[in-house]
Amino acid sequence: FVEMKQMTRRMAERDEELLNVYRDNPIPIVWLAGLLRKDEIECSIGLPAEMNIPFRICQGLREERELAFSTIANNGKRGVVVDAVTAVLIKRLGVEEAVEAVCEPTKTASTTIERLTERYHEAESMIGRMMGTFGYRDGQYILTEHTEEHQQNILKARADELEWAR
């Protein structure tokens, strides 16, 4: 058990270093998720919620905002194609109608549907299994067990995300 604790602590320290790199540099969330060995969608949600790190999709420059508004205006409501991270964030924030009103219609690429389907099946395969995580944060080892109810809630959320994206 000592070796597992040491390994968990080293991995947590490595992850903290990677999070500091993300905090200080404009790197894509997909790269960070890959380096952390995490799902890019959960990583984008977990950064602000659990780590108090803002999720950035741009550098926040005035020029970027102007270009975004110009692009929306020039698009003439011909629609928008969103990736998996954006689709899930739109659904979880409950802003589907607002996005549709501004961009009309919202579509997803087949790779987005494939990714969301994969996430749904991952959640489905966890139902009925004892699950948990073991981690290290702020000098403490943390063991978290995932209840059946928690797993069912994840499955329902992923089903809703997939249905909306289709």
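Report on the accompanying structure. These numbers come from a predicted model, not from an experiment. (Residues numbered from 1 in each chain as written. Predicted model: local features only at pLDDT ≥ 70, side-chain atom pairs only at ≥ 80, totals over all residues. Heavy atoms only, no water.)

1. What about the pattern of salt bridges?
Thought 1: Enumeration over the complete set of coordinates arrives at 15 salt bridges.
Thought 2: Ionic pairing is found between Arg 37 and Asp 15, a salt bridge with its closest N-O pair at 3.6 Å. On the criterion of sequence distance, the pair formed by Arg 37 in the loop between α2 (29–36) and α3 (40–51) and Asp 15 in helix α1 (residues 2–24) is long-range, its members being 22 residues apart.
Thought 3: Between Glu 161 and Arg 92 there is a salt bridge; the shortest N-O distance is 2.7 Å. (Salt bridge = Lys/Arg side-chain N within 4 Å of Asp/Glu carboxyl O. Helix = DSSP H or I, 4+ residues; strand = E, 2+ residues; numbered from the N terminus.)

2. Description of the layout of surface pockets
Thought 1: In this model, the largest pocket occupies a volume close to 1900 Å³.
Thought 2: Along the walls of the largest pocket sit 40 residues, with Lys 38, Glu 42, Glu 50, Thr 133 and His 146 positioned nearest its centre.
Thought 3: Among the elements of the structure, α1, α3, α7 (110–126), β3 (131–137), β4 (140–146) and α8 (148–165) are those that each provide at least two residues to the lining of the largest pocket.
Thought 4: Among the elements that take part in the lining of the largest pocket, α1 stands out by supplying 8 residues, more than any other.
Thought 5: Residues that form the lining of the largest pocket fall into these classes: 17 nonpolar, 9 polar and 14 charged. (1 Å grid on protein atoms, 1.4 Å probe; cavity = no way out; pocket = protein on both sides within 12 Å on 5 of 7 lines; lining within 4 Å. Points joined across faces, edges and corners; volume = space filled by probe spheres on them. Nonpolar A, V, L, I, M, F, W, Y, C, P; charged D, E, K, R; others polar.)

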